[in-house]
Amino acid sequence: MNTHNPNDFRYRVSRPEDTQMRYERMPLAVRTLSSNTLFQGEHEIGIEHHGALYRLKITRQGKLILNK
């Protein structure tokens, strides 16, 4: 499942020669992984981050929950 939303944008400010500011929509670059790749058939995985263990779970409704 690809979780990247193509409607996620950051705005970049540019100043053309007429000095009027413009805001251009730039796609947000996000490294995307499939939940199938992460979980590999399991319903819970552990993520170590700065010495702390986090648990990422798939709920019965198919949503993700992250607990410390």
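Reading guide: rules and limits
Residues numbered from 1 in each chain as written. Predicted model: local features only at pLDDT ≥ 70, side-chain atom pairs only at ≥ 80, totals over all residues. Heavy atoms only, no water. Helix = DSSP H or I, 4+ residues; strand = E, 2+ residues; numbered from the N terminus. Areas by Shrake-Rupley, 256 points an atom, 1.4 Å probe, with all protein chains shown as cover. Pairing = 2+ DSSP bridges. Axes fitted to C-alpha atoms, helices over the stretch in contact; angles between N-to-C directions. Salt bridge = Lys/Arg side-chain N within 4 Å of Asp/Glu carboxyl O. Buried < 20%, exposed > 50% of the residue type's maximum accessible area, 1.4 Å probe, protein only.

(A) Focus on the overall build of the protein. For the protein, the count of helices and strands is one helix and five strands. Within the structure as shown, the protein displays about 6400 Å² of accessible surface, and the carbon and sulfur contribution to it stands at 49%.

(B) Spatial organisation of the sheet that holds strand 3 (residues 44-49). The strand order across the open sheet formed by three strands is 3-4-5, and the pairing between neighbours is antiparallel. Of all strands in the sheet, those with a lone pairing partner are strand 3 and strand 5 (64-67), marking the two edges. When the angles between neighbouring strand axes are averaged without regard to direction, this sheet yields 25°. Strand direction decides the pairing type here: strand 4 (residues 52-58) and strand 5, joined by four bridges, are antiparallel. Bridge assignment links arginine 55 to a residue of strand 5, and that residue is asparagine 67.

(C) Examining the pattern of salt bridges more closely. One pass over the full model with this rule turns up one salt bridge. We note a salt bridge from glutamate 44 to arginine 55, for which the minimum N-O separation is 2.8 Å. With glutamate 44 in strand 3 and arginine 55 in strand 4, the pair connects residues that are 11 residues apart, well separated along the chain.

(D) Fine view of the pairing of strand 3. In this structure, strand 3 lies alongside strand 4, joined through six bridges in antiparallel fashion. By the bridge assignment, glutamate 44 is partnered in strand 4 with lysine 57. Once strand 3 ends, the chain turns through two residues before running back antiparallel as strand 4, passing histidine 50 with a positive phi of about 50°.

(E) The arrangement of the environment of glycine 62 in detail. Relative to the assigned elements, glycine 62 resides in the loop between strand 4 and strand 5. Taking C-alpha positions, glycine 62 is 9.7 Å from histidine 43, a pair spaced 19 residues apart along the chain.

(F) Local environment of unusual backbone geometry. Of note, the phi angle at glutamine 40 is positive, near 45°, even though the residue is not glycine. Tracing the sequence through the fold places glutamine 40 in the loop between helix 1 (35-39) and strand 3. One non-glycine residue, histidine 50, adopts positive backbone phi at about 50°. Relative accessible area serves as the criterion here: at 74%, histidine 50 is assigned to the exposed category.

Everything listed is a geometric property; what it means functionally is a separate question.
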